[in-house]
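Given next are the chains, with one letter for each unit.
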Amino acid sequence: VSLKLQQIENNLVNLLFKLISSQPLCRYIYYLDNDPLSTTKQDVDGVNLINNNIILKPFDNTILTENLVKLFINPIEGNLKRKPIDEVKFIIDICCPHSCWIIDGQGYLRPFRIAKYICELLDGQNEIMGIGQIEVEYFKIFKLSENYSCLTLFLKVNTVTIKS
């Protein structure tokens, strides 16, 4: 079981580093104005988003007081009794202030733009985790507070055949 848990943790880290490698994704997370992809803006160092905008825990209370887009990335389900473990479910919560949910003048919704780039990076990919295929299965939107809502992506990650 410990090897399976370690592999899940490794998959989470690989997923994180794949996401922060995308400049358009990092820009939609970091720049909250109506033109995050503008060539007049500096590139965003994805590493600086970790623990500020991209969080590897289920929740961060600062989201209720800060005006930031935050992504929460977590494994949520896997059967450790299966021999071998074959898939692990992950979620990515894209939490966005209502004040920048709509990107004025472009007809875009920021959480959907972010989800688009995440899907382009991950959906159907095999090489990212060094394991098996990643499938973005579905999404769900929920209201977090009077000022925030979230779009959650549900991912299925096929994993290596580790036996306990």
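Here, residues in each chain are numbered from 1, in the same order as that chain's written sequence. Reporting in this predicted model follows two pLDDT cut-offs: at least 70 for local features of residues, and 80 or more for side-chain atom pairs to be given and counted; totals over whole chains, interfaces and linings ignore these cut-offs and use all residues. Side-chain descriptors were evaluated using all non-hydrogen atoms of the structure, hydrogens and water having been removed beforehand.

Peer 1: Sorry, what's going on with the nonpolar core here?
Peer 2: Soluble, globular proteins show a tendency: their nonpolar side chains are buried together. The nonpolar core is taken to be a set of buried Ala, Val, Leu, Ile, Met, Phe, Trp, Tyr and Cys residues, with the residues joined through side-chain atoms within 4.5 Å. Buried means the residue's accessible area, taken with a 1.4 Å probe over protein chains only, is under 20% of the maximum for its type, while exposed means over 50%, and partly exposed covers the values in between. Of all hydrophobic cores here, the largest spans 38 residues; its most connected members are Leu71, Ile92, Ile94, Ile114, Ile118, Leu122 and Leu153. Of all elements in the fold, only α1 (2-19), α2 (23-30), β2 (70-78), β3 (87-97), α3 (110-122), β6 (134-143) and β7 (148-158) reach the threshold of two or more residues within this core. What counts as a helix is a DSSP run of H or I of at least four residues, what counts as a strand is a run of E of at least two, and both are numbered from the N terminus. Counting residues per element, this core draws most heavily on α3, which supplies six residues. If you look at the next biggest cluster of nonpolar residues, it comprises six residues, including Ile55, Phe72, Tyr148 and Cys150.

Peer 1: Even after reading the chapter, I still don't get the packing of aromatic side chains, so can you show me in this structure?
Peer 2: Any aromatic ring pair is given by two values, namely how distant the centres are and how the planes are angled relative to each other. Aromatic pairs are defined between Phe, Tyr and Trp rings, using the six-membered ring for Trp, whenever the two ring centres lie within 6.5 Å; interplanar angles under 30 degrees are classed as stacked, those over 60 as edge-to-face, and all others as tilted. Per the counting criterion, the structure on display carries five aromatic pairs. Judged by centre distance (5.7 Å) and plane angle (75°), the rings of Phe112 and Phe139 are edge-to-face. Within this pair, whereas Phe112 is found in helix α3, its partner Phe139 is found in strand β6, the two being separated by 27 residues in sequence. Comment: the charge-over-ring label is applied if NZ (Lys) or CZ (Arg) is within 6 Å of the ring centre and within 35 degrees of the ring normal. Over the face of the ring belonging to Tyr108 we find Arg113, whose NZ or CZ atom lies 3.7 Å from the ring centre.

Peer 1: I tried to follow the pairing of β7 on my own but got confused; where do I start?
Peer 2: The side chains of a regular strand alternate between both faces of the sheet. Among the 11 residues in β7, 10 count as buried, and that is most of the element. Of the pairings in the sheet, the one linking β3 to β7 comprises 11 bridges and is antiparallel in character. Pairing of Cys96 across the sheet is with Ser149, part of β7. The pairing of β6 with β7 spans nine bridges and is antiparallel. Residue Glu135 lies in a different strand from β7, and its bridge partner there is Lys156. Paired strands, in this sense, are two strands between which DSSP finds at least two bridges. Where β6 folds back onto β7 in an antiparallel hairpin, the turn is made up of four residues.

Peer 1: Sorry, what's going on with the sheet that holds β2 here?
Peer 2: The strands making up a sheet associate through backbone hydrogen bonding, with each pair oriented either parallel or antiparallel. Taken together, five strands build an open sheet; the order of strands is β1-β2-β3-β7-β6 and the sheet is mixed. Looking at the sheet topology across the chains shown, the edges are occupied by β1 (54-55) and β6.

Peer 1: Would you explain unusual backbone geometry in this entry?
Peer 2: Trans is the prevailing form of peptide bonds, just as negative phi is the prevailing case for residues other than glycine. We note that Asn51 has phi near 75°; this positive angle belongs to a residue other than glycine. In this fold, Asn51 is placed in the loop between α2 and β1.

Peer 1: So what exactly am I meant to see when it comes to the state of the cysteines here?
Peer 2: The bond known as a disulfide is covalent and runs between the sulfur atoms of two cysteines. Here, a disulfide means two cysteine sulfur atoms that sit within 2.5 Å of each other. If you walk through the whole model with that rule in mind, you get one disulfide. One disulfide bridge connects Cys95 with Cys150, the sulfur atoms lying 2.4 Å from each other. As the torsion about the S-S bond is roughly 100°, the Cys95-Cys150 disulfide counts as right-handed. Of the two residues, Cys95 is situated in strand β3 and Cys150 in strand β7; the sequence distance between them amounts to 55 residues. Residue classification places Cys95 among the buried positions, given a relative accessible area of 3%. Classification of Cys150 as buried rests on a relative accessible area of 1%. Between Cys119, a free cysteine, and Cys26, which holds the nearest cysteine sulfur, the sulfur-to-sulfur gap is 16 Å.

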